[in-house]
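So you can see what is in the structure, the chains are spelled out below.
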Amino acid sequence: MTDSNDPHLQAEILVQALPHMLRYDEATVVVKYGGHAMGNEQVARDFAKDMILLEQSGVNPVVVHGGGPQIGAMLSRLGIKSEFAAGLRVTDKETVEVVEMVLAGLINKQLVGFINGEGGRAIGLCGKDGNMVIARKVTRTVYDPESRTDTHVDLGFVGEPEKVDRTVLDALLGREVIPVLAPVANGADGQTYNVNADTFAGAIAGALRAKRLLLLTDVPGVLDKDKQLIKELTVDQCRGLIADGTITGGMIPKVETCIYALEQGVEGVVILDGKVPHAVLLELLTDLGAGTLITR
């Protein structure tokens, strides 16, 4: 058995990590943190430590978090029925108030508290702050097999990023501060919109021309038809896998977000399992990597 407390082993690990640290020195890395792992306090604290280690290693991490399960739990506690259409939560006036409370309040400040409690310095923001993200109302259609037509679905106050202003983030990055962003934004009409966290993270990463966008999910990455992990893909290969049915369901919008971010100037996007301990560090600071790397 290898003793993880062996100082010689620890030194060897640091030496092996050095080339990777140099590769990401002063680089911006956007990490979307979400999924059911967010409900586990120890996992969240470990994630906080990973973000601090990255920042202390010279990386500029930006965290974007989701919170679907927590929103659902709060709506249930308040007796508000939650409906979904076209894969997105239908968000009426009452629901969007709960969404903002949970995302920009409860979850955001909890994650900030974990990072600060472990010795880092985080600041919690949402898309509204400094007009960072201006959203537009999402429009979706679903196919009706009876009428054989596409039917418009009104999702209420669900938005998607229309414009990103990086002024606030530029003022924070490189100053030993970790921005933690909640995917809530104003529209040009002044209305509050609930934005999908993956989409929000992709827009932020694109605006910052990030070196990496990491999407932490509940699955190992993109799987082939034999359910084996695909380690690397190009944009064209991703489109082919969507067309032939290999990439299906909820993985399609994730991969589409990856493609969008790459088209906006992000160098590489990784879909990886956030339940794996220190998944972010494995991806960025080791030769092993984690998940599926998608590049142009």
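Definitions and cut-offs
Here the residue index of a chain counts from 1 through its sequence in written order. Per-residue local features of the predicted model are confined to residues with pLDDT of at least 70, and side-chain atom pairs are confined, for both listing and counting, to 80 or more; whole-chain, interface and lining totals are unaffected and use all residues. Side-chain metrics rest on all non-hydrogen atoms present in the structure, leaving aside hydrogens and water. UniProt positions are given in the numbering used here, feature names are shortened, and annotations may be inferred rather than shown by experiment. Axis angles are defined between N-to-C directions and span 0 to 180 degrees, where every axis is a line fitted to C-alpha atoms and, for a helix, only to the segment in contact. Numbering of helices and strands runs from the N terminus, with a helix taken as a DSSP run of H or I at least four residues long and a strand as a DSSP run of E at least two residues long. For this classification, under 35 degrees means roughly parallel, over 145 means roughly antiparallel, 65 to 115 means roughly perpendicular, and everything else is oblique. Left-handed describes a crossing whose near helix is turned anticlockwise from the far helix by less than a right angle; the clockwise case is right-handed. What makes two residues a contact is simply this: any of their non-hydrogen atoms within 4.5 Å. Under the scheme applied, nonpolar residues are Ala, Val, Leu, Ile, Met, Phe, Trp, Tyr, Cys and Pro; charged residues are Asp, Glu, Lys and Arg; polar residues are all the others, including Gly. Expected helix span is taken as 1.5 Å per residue step, with the number of steps being one fewer than the number of residues. Exposure categories follow from relative accessible area, calculated using a 1.4 Å probe and restricted to protein chains: below 20% of the type maximum is buried, above 50% is exposed, and the middle band is partly exposed. Pairs of N or O atoms within 3.5 Å make up the polar contacts considered here, provided that, within protein, one atom can donate a hydrogen while the other can accept it, and that residues adjacent in sequence are counted only when both atoms are side-chain atoms. Here, strands pair whenever DSSP counts at least two bridges between them.

The protein has the name Acetylglutamate kinase in an unreviewed UniProt entry, where Alsobacter sp. KACC 23698 is given as its organism. In its Pathway (unreviewed entry) section, the UniProt entry covering the protein states "Amino-acid biosynthesis; L-arginine biosynthesis; N(2)-acetyl-L-ornithine from L-glutamate: step 2/4." Quoted verbatim from the Sequence similarities (unreviewed entry) field of UniProt, the annotation for the protein is "Belongs to the acetylglutamate kinase family. ArgB subfamily."

Bringing the packing of helix 3 (residues 68-77) against helix 4 (residues 93-117) into the picture now. In the contact formed by helix 3 and helix 4, the axes pass within 10 Å of each other and the chain directions differ by 125°. Regarding the angle of helix 3 to helix 4, the classification is oblique. When you trace helix 3 past helix 4, the crossing you get is right-handed. Facing Q70, I71, M74 and L75 of helix 3, the residues of helix 4 in contact are T95, V98, V99, M101, V102, L103 and I107. For the contact of helix 3 with helix 4, the per-class residue count stands at nine nonpolar, two polar and no charged.

Looking now at helix 6 (residues 197-208). Over its 12 residues, helix 6 extends 16 Å from the first C-alpha to the last, a length consistent with the 16 Å expected when each residue adds 1.5 Å. Across the 12 residues of helix 6, 10 count as buried, placing the element largely inside the fold. Here helix 6 has its buried residues at A197, D198, F200, A201, G202, A203, I204, A205, G206 and L208. Two or three places before D198, at the opening of helix 6, N196 has a side-chain oxygen 3.0 Å from that residue's backbone nitrogen.

Here we take up unusual backbone geometry. Of note, the phi angle at N131 is positive, near 50°, even though the residue is not glycine. The exposure class assigned to N131 is partly exposed, which follows from its relative accessible area of 45%. Despite not being glycine, R209 has its phi angle at roughly 50°, a positive value. The topology assignment puts R209 in the loop between helix 6 and strand 13 (212-217).

Moving on, we come to the sheet that holds strand 12 (residues 192-195). Strand order around the closed barrel formed by four strands is 6-9-12-11, with mixed pairing between neighbours. Pairwise comparison of adjacent strand axes, ignoring direction, gives a mean angle of 60° for this sheet. Running at roughly 65° to strand 12, helix 4 makes contact with strand 11 (184-187) and strand 12 of the sheet.

Here we come to the environment of R175. Mapped onto the secondary structure, R175 falls in the loop between helix 5 (167-172) and strand 10 (178-182). Taking the C-alpha atoms as reference points, R175 and R121, separated by 54 residues in sequence, lie 9.8 Å from one another. Discounting residues that sit within four places of it in the chain, R175 has contacts with R121 and D170.

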